[in-house]
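Next come the chains, spelled out residue by residue.
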Amino acid sequence: MKPLLKRKRINSSNVIIRNFKNEDNIEFRSLNTAWISQFFEMEDADHIALDSPKDYIIDRGGYIFVASIEEQTVGVCALLKRDCQNYPYELAKMAVSETARGNGVGLLLGQVVVEKAKELGACSIYRESNTKLKPAIKLYEKLGFKKVVGHDTPYQRCNIQMEKVFN
């Protein structure tokens, strides 16, 4: 992955979001590993999802979306199919390159994932995060997510669970 040299203002109309291809494995893993390692430690559930995203996400009925600018990957996000009646889908593994953060790439990815869940007939979508990630929490709230409690999580770092209910 060729890094952007410095953080710069990105025109969101230049962002292209497409479906995951097998050759995106490296970027999917590296973008997620970079942000997780910046704030937390990698956990077993991270390794499972990132080591084999096609098997863990796509082959189980989920989707991965890739955001790029001028053919350079700047963000990724998954719609994970869950074995849960209340929350059949989860917005998961969202990561934006450090140089592209704050430019709306995450919002665009989130909107695509939410729309895909609606298209699939979901009545809601679920999200796990950590309140330490204030910009991310604001992003999820902007997408319409609200705090919920009481669900099992494989992540020690998770201290907030959110859902977006579709009308």
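A short tour of the structure in this document, coming up. Remember, it's a predicted structure, so these values are computed and weren't measured experimentally. (Residues numbered from 1 in each chain as written. Predicted model: local features only at pLDDT ≥ 70, side-chain atom pairs only at ≥ 80, totals over all residues. Heavy atoms only, no water.)

### Topic: the environment of Val 148
- Position of Val 148 among the secondary structure elements: in strand E6 (residues 146-148).
- Residue classification places Val 148 among the buried residues on the basis of a relative accessible area of 13%.
- Separated by 15 residues in the primary sequence, Val 148 and Glu 163 have C-alpha atoms spaced 6.6 Å apart.
- With residues near it in sequence (within four places) discarded, Val 148 still touches Tyr 87, Tyr 126, Gln 161, Met 162 and Glu 163. (Helix = DSSP H or I, 4+ residues; strand = E, 2+ residues; numbered from the N terminus. Buried < 20%, exposed > 50% of the residue type's maximum accessible area, 1.4 Å probe, protein only. Contact = heavy atoms within 4.5 Å.)

### Overview of the nonpolar core
- Among the nonpolar cores identified, the biggest contains 45 residues, and Leu 91, Val 105, Leu 109, Ile 125, Tyr 140 and Phe 145 are the most heavily contacted of them.
- Those elements giving two or more residues to this core turn out to be helix H1 (25-39), strand E2 (63-69), strand E3 (72-81), strand E4 (89-96), helix H4 (105-119), helix H5 (134-142) and strand E7 (160-165).
- Val 105 has contacts with Val 15, Ala 67, Val 74, Gly 75, Val 96 and Ala 100, leaving out every residue within four places of it along the chain. (Core = buried A, V, L, I, M, F, W, Y, C linked by side-chain atoms within 4.5 Å.)

### Observations concerning the pattern of salt bridges
- As enumerated under the stated definition, the model contains nine salt bridges in all.
- Salt-bridge contacts for Asp 24 lead to Arg 18; the nearest nitrogen and oxygen are separated by 2.7 Å.
- Relative accessible area serves as the criterion here: at 4%, Asp 24 is assigned to the buried category.
- Since its relative accessible area comes to 24%, Arg 18 is described here as partly exposed.
- For Lys 118, the salt bridge is made with Glu 115, and the minimal N-O distance between the two is 3.4 Å. With a gap of three residues between them, Lys 118 and Glu 115 both fall in helix H4, about one helical turn apart.
- Via salt bridges that share partners, Glu 43, Asp 46, Lys 93 and Arg 157 belong to a single interconnected network. (Salt bridge = Lys/Arg side-chain N within 4 Å of Asp/Glu carboxyl O.)

### So, unusual backbone geometry
- We note that Glu 70 has phi near 50°; this positive angle belongs to a residue other than glycine.
- If you check the backbone angles, Glu 71 has positive phi at about 65° while not being a glycine.
- Its location among the elements puts Glu 71 in the loop between E2 and E3.

### What to know about the pairing of E2
- Among the seven residues of E2, six are classified as buried, and the element is accordingly described as predominantly covered.
- Sheet topology places strand E1 (residues 16-19) next to E2; four bridges connect them, and they run antiparallel. Its bridge partner being in E2, Ile 17 is matched across the sheet by Ala 67.
- Where E2 lies against E3, seven bridges are found, and the strand directions are antiparallel. Bridge assignment links Ile 64 to a residue of E3, and that residue is Ala 78. (Pairing = 2+ DSSP bridges.)

### Description of helix H2 (residues 44-51)
- For H2, the complete set of buried residues consists of Ala 45, Asp 46, Ala 49 and Leu 50. Along H2, the residues classed as buried sweep out an arc of 115° about the axis, all on the same side. Facing away from the buried surface of H2 by more than 90 degrees, the exposed residues are Asp 44 and Asp 51.
- Elements that come into contact with the buried residues of H2 comprise H1, helix H3 (53-58) and E4. (Arc of directions from axis to C-beta.)

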